[in-house]
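A structural walkthrough
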Amino acid sequence: MKKIQLDETTEDLETCKGSKDVEMTTADETTTSKHEEVEGDIENHKANNEILEAKSLLQIDHEVHRTENSSKIIANKPVQYAALCDVFEKLEEETGRLKNLAIASEFFCDILKRGVNQDVAEQNLIEVTYLMINRLGPDYEPDLELGLGETLLLKALAQSTGRELRHIKDDYHKAGDIGKVAQISRSRQPIMFKPKPLTIHQVFQNLAEVAKSTGNSSQSRKIGIINRMLAACAGQEAKFLMRSLEGKLRINFGEKSVLVALAKAFAEFECGTGNHSESEADLNALVRAQDQIKEAFAQTPNYEMIIHNCLKYGVGHVAEHCTLKPGIPVKPMLAKPTKSITEIMDTLQDRKFTCEYKYDGERAQVHLLPDGSMRVYSRNSENMTERYPDLIPVIDELRAKNPEIRSLILDSECVAWNLESHEILPFQILATRKRKEVQEKDIKVRVCLFVFDVLYFNGESIIQKPLNERREYLDKHVIEIPEKLQFATRLDSTSVDEMSAFLDQSVHDSCEGLMIKALFGKESHYEPSKRSKYWLKLKKDYLEGVGDSLDLVVIGGYIGKGKRTGWYGGFLLASYNQDTGEYESICKIGTGFSEELLASLTEQLKPKETPKPKPSYVYDKDNSNAEPDVWFEPSMVFEVKVADLTTSPLYKSGASYFGNRDKGISLRFPRFIQIRTDKATEDATSSEQIVEMYESQAVVQS
DNA sequence: GTAGGGTTGTCGC
DNA sequence: GTCAGACTTATTCGG
DNA sequence: CCGAATAAGTCTGACGCGACAACCCTAC
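These numbers were taken from a predicted model, which means no experiment stands behind them.

Moving on, we get to the overall build of chain A. Assigned secondary structure in chain A consists of 25 helices and 22 strands. The buried share of chain A, taken over its 702 residues, is 53%. Looking at chain A alone, contacts between residues at least 24 apart form 74% of all its contacts between residues at least 6 apart. Total accessible area on chain A is roughly 32000 Å²; 50% of this is exposed by carbon and sulfur atoms.

Take the UniProt feature "domain: ATP-dependent DNA ligase family profile" (unreviewed entry) in chain A next. Look at the UniProt record and you will see "domain: ATP-dependent DNA ligase family profile" (unreviewed entry) annotated at residues 440-577. The span residues 440-577 shows a helical share of 17% and a strand share of 41%, and its end C-alpha atoms are spaced 44 Å apart.

Here we take up a positive patch on the surface. A cluster of basic residues, Lys 256, Lys 294, Lys 336, Arg 379, Lys 530, Arg 531 and Lys 533, forms a positive patch on the protein surface. Within the secondary structure layout, Lys 294 lies in helix α16 (residues 280-299).

Time to look at the pattern of salt bridges. Under the criterion given, the structure shown has 38 salt bridges. Residue Glu 92 pairs with Lys 239 through a salt bridge whose shortest N-O separation is 3.2 Å. Of the two residues, Glu 92 is situated in helix α6 (residues 81-93) and Lys 239 in helix α14 (residues 237-246); the sequence distance between them amounts to 147 residues. Given the relative accessible area of 21%, Glu 92 is considered partly exposed. Residue classification places Lys 239 among the buried residues on the basis of a relative accessible area of 7%. The salt bridge involving Glu 164 is made with Arg 166; its shortest N-O contact spans 3.4 Å. Linked by salt bridges that have partners in common, Glu 89, Glu 92, Asp 177, Lys 239, Arg 243, Glu 246 and Arg 250 make up one network.

Through backbone hydrogen bonds, the strands of a sheet pair up, either in parallel or in antiparallel fashion. Taken together, the five strands give an open sheet; going across it, the order is β1-β12-β11-β2-β10, and neighbouring strands pair in mixed fashion. This sheet does not close on itself; its edge strands, each paired only once, are β1 (334-337) and β10 (490-491). Across four bridges, β1 lies against strand β12 (residues 531-539) in parallel orientation. The residue of β12 that forms the bridge with Ala 335 is Ser 532.

What describes a pair of aromatic rings is the distance from one ring centre to the other and the angle between the planes of the rings. Going through the model one piece at a time under the given rule, you end up with 23 aromatic pairs. On the numbers, 6.3 Å between centres and 85° between planes, the contact of Phe 658 with Tyr 694 is edge-to-face. Note that Phe 658 is positioned in the loop between β20 (644-648) and β21 (664-668) and Tyr 694 in helix α25 (residues 687-701), a separation of 36 residues in sequence. Tyr 694 matches Phe 658 in its accessibility class, with the two residues each being buried. One aromatic cluster is present, built from ring pairs that chain together Tyr 568, Phe 571, Phe 593, Phe 632, Phe 638 and Phe 672. Sitting above the plane of the Tyr 558 ring, Lys 588 keeps its charged end 4.7 Å from the centroid. We note Lys 621 situated over the ring of Tyr 619; from NZ or CZ to the ring centre the distance is 4.6 Å.

Right, let's get into the protein's contact with DNA strand D. The environment of DNA strand D is formed by 44 residues, the closest being Gly 215, Gly 254, Ser 257, Ser 648 and Tyr 651. Here the atoms of DNA strand D within 4 Å of the protein split so that 94% fall in sugar or phosphate, with bases taking the remainder. Of all elements in the fold, only α13 (218-231), α15 (255-270), β15 (582-589), β20 and β21 reach the threshold of two or more residues within the surface near DNA strand D. Tallied by class, residues from the surface near DNA strand D come to nine nonpolar, 20 polar and 15 charged.

Under the domain assignment used here, chain A contains domain 1 (53-136 + 253-321), domain 2 (150-246), domain 3 (334-542) and domain 4 (550-701). If you look at the interface, domain 1 gives 24 residues, while domain 2 gives 24 residues. Of the roughly 2500 Å² buried at the junction of domain 1 and domain 2 (both faces included), carbon and sulfur atoms supply 62%. Taken together, the links from domain 1 to domain 2 amount to three salt bridges. One salt bridge connects Lys 239 with Glu 89, and the closest N-O pair in it is separated by 3.1 Å. On inspection of domain 1 and its partner domain 2, the count reaches nine residue pairs in polar contact (both at pLDDT 80 or more).

Among the five residues of β20, four are classified as buried, and the element is accordingly described as predominantly covered. Across five bridges, β20 lies against β21 in antiparallel orientation. Counted as the bridge partner of Asp 644 is Arg 668 from β21.

The next point concerns helix α9 (residues 150-161). Between its first and last C-alpha atoms α9 spans 16 Å; for twelve residues at 1.5 Å apiece the expected length is 16 Å, and the two agree. If you follow the buried residues of α9, they end up packed against α10 (165-175), α11 (178-188), α13 and α14. At the C-terminal side of α9, Gly 162 shows a positive phi close to 70°.

Reading guide: rules and limits
Residues numbered from 1 in each chain as written. Chains lettered and ligands numbered in written order. Predicted model: local features only at pLDDT ≥ 70, side-chain atom pairs only at ≥ 80, totals over all residues. Heavy atoms only, no water. Helix = DSSP H or I, 4+ residues; strand = E, 2+ residues; numbered from the N terminus. Buried < 20%, exposed > 50% of the residue type's maximum accessible area, 1.4 Å probe, protein only. Contact = heavy atoms within 4.5 Å. Areas by Shrake-Rupley, 256 points an atom, 1.4 Å probe, with all protein chains shown as cover. UniProt positions renumbered as here; feature names shortened; annotations may be inferred. Patch = residues over 30% accessible without salt bridge, like charges linked within 9 Å, V, L, I, M, F, W, Y side chains within 5 Å. Salt bridge = Lys/Arg side-chain N within 4 Å of Asp/Glu carboxyl O. Lys, Arg positive; Asp, Glu negative; His and termini not counted. Charge placed at Lys NZ, Arg CZ, Asp CG, Glu CD. Pairing = 2+ DSSP bridges. Phe/Tyr/Trp six-rings, centres within 6.5 Å; stacked < 30°, edge-to-face > 60°. Lys NZ or Arg CZ within 6 Å of the ring centre and 35° of its normal. Near = heavy atom within 4 Å. Nonpolar A, V, L, I, M, F, W, Y, C, P; charged D, E, K, R; others polar. Domains from an automatic or database assignment. Buried area = accessible area lost by both parts, 1.4 Å probe. Polar contact = N/O pair within 3.5 Å; in protein donor to acceptor, adjacent residues only side chain to side chain. Expected span 1.5 Å × (residues − 1).

This is how it looks when you write it as structure tokens:
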């Protein structure tokens, strides 16, 4: 059994955990996570894998057995998976956010009310919450990925239904949703005897089991678990089970909504039963609950801690007990894209603001813990410490330069750095760094941190101070280490001309563009997870008429999934090689279309389908991923906007102009702009031009 | 048995 | 990462 | 001053490239 630190007071946790062991079956091992102890006083036991494995699918029997023996446990009827699926179904049907909020919070509230005691309620709610956001634990916990996707799921379905894979695939193309295929297949299967209904606890535990299967023949083990679960599915369960496994619940209800629904549920739970009056006091409590939960989650993105503290202290006080602390990632603040400098001036008006280079690397939230250890978290709150062992000595050096630093959270961009030429390297180079078991001596691509914010310093959260004050902390306490840890280049100016020049300069210095941030007042506080209008990003390719725009030939199509069922969901594009008269694949495109256009494109291109690719199509014939679902006769030209050109292992555009015929060119962040009805396919951007564009960009970058 | 290529999944952008 | 679409919430406008 | 029309802000789910990691399978 494990202990976790949920807040600063842990003594009474001990006692409640003890009783939980009696009432719950195996909840502890499955849902509690290995929180990194912050101040170093908490033990950290590993989950007992052997017990977990043995228990996995025998769970139902276990629960029934216990029910017969203890009256106390009869009251603790496990929550049925079917009940959750009913909720999923309702959420999927309803598109109104407020209505969905009500549906979800009512369910959460029921879970809270039906628990025989607080621990049972807590455990049930945690599992339901995780199933609803389709995760198995906090973002920063490693090894919680299911490790299966479309392909494996289709295989599992074929196996469990005894149908041929290609029939399953046909169905999938028609339905656009693996869940629906599973549903239909299952309803067609004769059922010998009625299976025992699935419980939430069991589903959650089996998903964890899937995630935990690794190594030899792990894929067939995963399929085995899935098929045993499928066999126990009734009603809508198969559909949502498959969607959970695929990672696309499609219930119009994401993580942000789940948080608000939790707040609503707790508010109603606390204000008593059945009282749905809309009194002013209740409304205030609701608003407060939402604010508190959102704030708590932004600073401590861990549902277990939040739910625990809500029950313990009340929703109205969660935020006080889920505070920012080194060792737990903060949800990073995000920026809004802007189309022009004019737009920036409009939004910020006469406010003072600052411009910083927008570096092309990886977001890195660097934590220094009081015990001297450090962590690095990614944009999505994943623990990246293992990826950057070379940052440990950098932070050590930082502490050596200023021994007063005891604890710290920095926000920065981690960028590949050329130690010889003392220059920034492109993102594609950074991406080649290993991710796991990185030894410092093996690192080839060096890295420099460009720090732009500080959120925590020596035991104090400073996110609620204006940016100019946070910067004072930076300038005063954090000492730059050349080529290892530097401040983001900044310019405090309100002049349009200066900004424009600074933008050009940033691009010239291998950056993506600028970040523009308010400097003073409440607007300039660090708001975790918020895409604030006082944090703006300006990239050249956002500007109209600026940045790279290409005209490319549509040579293939992809069958749309989900809300694009029935249409093409994307297209394969090619540049035209004027020397050979061939069409060379360059990228897929799937964004920038209105639904109306997608429907019309489907209509227009359907007649152009051809069973085989034209002989003039150049694509990677050794890689099955290079083939679209359908090929077209060349007939249409798309104008496409792009952020960058990249070398590609898959696409062939311009390959013949390189010495190495293997590598062609592809596009970073391609999006559809319009159909070029005025252009014949031979008038498309030529492969030679593509190479020119790539090289002119490469000059700047190297 | 293992070495290496192909395929799939995950996670950066 | 980009983008569109559906809602919700804030703001402006006309009576 | 109020309600309707409009604008702005949020959230969700479509889809992009390419890198590593993990697994499977085949050849030796």
